[in-house]
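Descriptive structure summary
Now for the letters of each chain:
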Amino acid sequence: MMTPKQQYYKNLADTMISHLEKRGFEASFVPDRQAALEAIMPYLTNGNTVSCGGSITLNEIGFNSAVKDANCTFLDRTTAKTPEEKDALYSKVAVCDYYFMSTNAITTDGLLVNIDGTGNRVASLIHGPKNVIIITGMNKVCPDLDSAYKRVKLSAAPPNTVRLDKKTPCAVTGKCADCLSPDCICTHTVITRRSNIPGRIKILLVGEELGY
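Residues numbered from 1 in each chain as written. Predicted model: local features only at pLDDT ≥ 70, side-chain atom pairs only at ≥ 80, totals over all residues. Heavy atoms only, no water.

Take helix α1 (residues 4-22) next. In this model α1 runs 28 Å from its N-terminal to its C-terminal C-alpha over 19 residues, within 8% of the 27 Å that 1.5 Å per residue would give. Every buried residue belonging to α1 is among Q6, Y9, L12, A13, M16, I17 and L20, and all of these are buried. Turning to α1, the residues buried within the fold contact β1 (26-30), β5 (105-107), β8 (141-142) and β10 (201-206). After α1 finishes, the residue G24 shows a positive phi value of roughly 90 degrees. (Helix = DSSP H or I, 4+ residues; strand = E, 2+ residues; numbered from the N terminus. Expected span 1.5 Å × (residues − 1). Buried < 20%, exposed > 50% of the residue type's maximum accessible area, 1.4 Å probe, protein only. Contact = heavy atoms within 4.5 Å.)

Structure follows, in C-alpha cells:
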C-alpha cells in the first residue's frame, strides 16, 4: 500500500506520463526504489550490452551492484585508466543496447534538463545507444523550464561538486557563482523536448526522493 506522498507522486506521474508519451518517450511509474530495480532487471540479461552515466540515483536503487552480478555485458567506465582505454570504452558505449542514467530535472509537461561536466552522459542521451533508460525520483519534478534549470544549478550541482571533490565556489559556499573554474561541472546544458526515435528514451518515475 502506498503512503499518501507516494499516492500524490503517482497522481502527478499519471499526469506527466501523457505529456511524455506525446513527446515520443516511453514512461511509467513505480512507487519505490525496490520496484524500480525490479522494473529494469529484464534489460540486464544475457546478450545485452549495458552502460551507465555517473548517478547517485542508480546507486540508491541498487543498479550498480545488480548490473555487476547480471549476465549482461557491462561497459564500466570506471575501469578505464588510460586515455586509450577510455577512448576504446566510450566507442563501445556509443553503440550499446541500453544506457542507464538519471536526469537532473524534469518538468511536469515532459522536458528533461541536464547539465554535464565532460558531456559523456548527455552525449549518450542525445545519440548513440539503442535505448536510454532514465530513472528519476519524483523530487526532481519541476513546474516549468525555468525552475528546472534553477533546480540543477542550485540543488543538484553544488552537492555533486562536493561529492566529486571539485574546487569550485559552490563546493565551498553551497551557492552557484556561475563560475568558469577548471573544475566546473556545468559545461554542457541540454534540454530534451522529445525523442526523435519513438520509445528510444524510456523514463521510469519513482515515487521516492532519489539523487540530488
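What follows is about unusual backbone geometry. Located in the positive-phi region is D165, a residue other than glycine, with phi close to 60 degrees. Here D165 is to be found in the loop between α7 (145-163) and α8 (169-173). The phi angle at D178 is positive, at roughly 50 degrees, despite the residue not being glycine. Looking at the element boundaries, D178 is found in the loop between α8 and β9 (188-192). By relative accessible area, D178 is classed as exposed at 58%.

Right, let's talk about the packing of aromatic side chains for a bit. Across all of its chains, the model carries five aromatic pairs by this definition. Summarising the aromatic geometry, the rings of F63 and F74 are spaced 6.5 Å apart at their centres and angled 85 degrees between planes, so their arrangement reads as edge-to-face. A residue pair is termed long-range when its members are at least 10 positions apart, and F63 in helix α4 (residues 63-69) and F74 in strand β3 (residues 73-75) qualify at eleven residues. Taken together, the aromatic side chains of Y43, F63, F74, Y98 and F100 make up a single cluster linked through ring pairs. (Phe/Tyr/Trp six-rings, centres within 6.5 Å; stacked < 30°, edge-to-face > 60°.)

Next up on the list: the pattern of salt bridges. Per the stated rule, a full pass over the model turns up nine salt bridges. Here K10 makes a salt bridge to D14, at a shortest N to O gap of 2.9 Å. Of this pair, K10 and D14 both sit in helix α1, four residues apart, which is roughly one turn of the helix. Of the residues examined, D14 reaches a relative accessible area of 38% and is grouped as partly exposed. Salt-bridge contacts for D109 lead to R23; the nearest nitrogen and oxygen are separated by 3.8 Å. Taken together, the residues span a long stretch of sequence, with D109 in the loop between β5 and β6 (112-116) and R23 in the loop between α1 and β1 at a distance of 86 residues. (Salt bridge = Lys/Arg side-chain N within 4 Å of Asp/Glu carboxyl O.)

Turning our attention to α7. The end-to-end C-alpha distance of α7 is 26 Å, a good match for the 27 Å that 19 residues give at a rise of 1.5 Å each. The set of residues buried in α7 consists of A148, R151, V152, K153, A156, A157, P158, N160 and T161. In this structure, the buried side of α7 is in contact with β5, β6, β8 and α8. Where α7 ends, the next residue or the one after it, D165, has phi of about 60 degrees, a positive value.

Moving on: the pairing of β10. Along β10, six of the six residues are buried, which leaves the element largely enclosed by surrounding structure. Burial of the side chains of β10 extends over both faces: I201, I203 and L205 are buried on one face and K202, L204 and V206 on the other.

Residue placement: T107 occurs in strand β5. Remark: the alpha-carbon pair of T107 and S147, spanning 40 residues in sequence, is separated by 8.5 Å. Residues contacting T107, with those up to four places away along its chain left out, are M16, C142, D144, L145 and A148. From its side chain, T107 meets the backbone nitrogen of L111 in a polar contact 2.9 Å long. (Polar contact = N/O pair within 3.5 Å; in protein donor to acceptor, adjacent residues only side chain to side chain.)

Coordinates in, geometry out; function isn't part of it.
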